[in-house]
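Coordinate inspection notes
For reference, the chains in residue letters:
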Amino acid sequence: MPAKTHHRCSKRSSLTRGIIAVSTGGAALALPVIGATGAFAAPAQPTAVEKAAASTAVSGKEIAGKDSKSATYSVILGDSLAKIARDHSVSGGWQELYKDNRKVVGDNPDLIHPGLRLTIGAKAHKGAEVENEAADKATSKTSDSAVRTESADRADRSERTGNDVVAQGTPAAEVEAAPAAEPVAYTNDLDGWIKESLAVMAQHGIPGTYEGIHRNIIRESAGNPLAINNWDINAINGVPSKGLLQVIDPTFQAYHVPGTSMDSYDPVANITAACNYAADRYGSIDNVFGAY
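Rules of the game
Residues numbered from 1 in each chain as written. Predicted model: local features only at pLDDT ≥ 70, side-chain atom pairs only at ≥ 80, totals over all residues. Heavy atoms only, no water. Helix = DSSP H or I, 4+ residues; strand = E, 2+ residues; numbered from the N terminus. Areas by Shrake-Rupley, 256 points an atom, 1.4 Å probe, with all protein chains shown as cover. Contact = heavy atoms within 4.5 Å. Buried < 20%, exposed > 50% of the residue type's maximum accessible area, 1.4 Å probe, protein only. Pairing = 2+ DSSP bridges. Expected span 1.5 Å × (residues − 1).

**Structural notes on the overall build of the protein chain**
- In terms of helices and strands, the protein chain carries 12 helices and four strands.
- In the form shown here, the protein chain has an accessible surface area of approximately 17400 Å², with 55% of it arising from carbon and sulfur atoms.

Put into structure tokens, the structure is as follows:
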């Protein structure tokens with residue numbers, strides 16, 4: 001807040017009209033006031049507040065009129081407490097004006113806004129308080145009305161949307177969730193085993209193509225899921241190669257894919273484990289063209 005003995009106002013000024021209601025023994029007269037604008041008035045309030053302030057001006061003037069030594073003043077753009085006190089010769093200066101109107105101005109004397117009603121004169125500030133409170137209530141009612149209108153509109157849109165769905169004849173079950181896809185049936189032959197393995201591989205991100213798998217199966221087992229090698233080094237070591245892609249048990253167990261059988265002779269389990277191993281070792285079963 002400015003010091004009491006060092007408050008200064010700008011010398012530059014422009015003519016701006018304000019309104020002051022001066023009591024004349026019982027009736028309040030509205031007189032134009034011409035004064036220099038200051039630099040402390042805050043921006044204009046929303047339209048609802050201005051209308052509320054205007055609608056309550058009569059009641060404020062009547063209250064001010066009861067005291068012949070007091071008047072009410074409506075703040076305009078460019079006003080400051082120092083300017084108003086100087087223009088209306090307030091005894092005690094802007095400090096006294098602020099003291100009489102602190103309840104309506106607030107804690108910061110520099111923050112006054114256009115439309116704010118101030119009392120000029122001792123013991124007559126209740127009229128301005130009534131007017132400013134009425135303006136605040138009008139703003140609150142306007143805001144509440146807007147919220148209620150928006151909520152009602154949202155509910156109406158929701159109801160219309162629901163009615164549109166019913167009007168179009170869409171079954172409720174179809175709206176809530178789509179029917180589950182039926183499981184795919186695979187043939188119990190080499191073609192079906194490869195296709196089922198490819199589906200499992202896709203779920204686990206294992207690369208490989210039908211052609212790559214088929215080519216290696218024909219070379220390793222000629223398509224016989226019960227094929228076994230009893231003569232190579234693996235057989236000599238007690239872990240013969242088995243199944244469509246001739247996988248030894250340790251490799252099958254290490255690269256077994258969840259969801260498939262634990263039997264290394266099972267066609268789908270054998271293909272999927274072998275492709276998982278080939279992907280780890282060679283990048284894909286498609287890259288295998290011989291013993292692996």
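Now that the structure is up, let's keep going.
**Focus on the environment of Ile194**
- Along the chain, the position of Ile194 falls in helix H8 (residues 190–204).
- Sequence spacing of Ile194 and Thr272 is 78 residues, and the spatial spacing of their C-alpha atoms is 8.8 Å.
- Ignoring sequence-local partners within four residues, the contact set of Ile194 consists of Tyr210, Ile213, His214, Ile217 and Ile271.

**Observations regarding the pairing of strand S4 (residues 117–120)**
- Side chains Arg117 and Thr119 of S4 all project onto a buried face; the interleaved residues Leu118 and Ile120 project onto the opposite face, where all are buried too.
- In the sheet, strand S3 (residues 71–74) pairs with S4 via four bridges, with the strands oriented antiparallel. Looking at S4, one finds that Ser74 is bridged to Arg117.

**Some thoughts on H8**
- Under the 1.5 Å per step criterion, the end-to-end length of H8 is 21 Å for 15 residues, consistent within 8% with the ideal 21 Å.
- Along H8, the positions that sit buried rather than exposed are Leu190, Gly192, Trp193, Ile194, Ser197, Val200 and Met201.
- Against helix H9 (210–221) and helix H12 (267–282) lie the buried residues of H8.
- Of the residues trailing H8, Gly205 is marked for its positive phi of about 70°.

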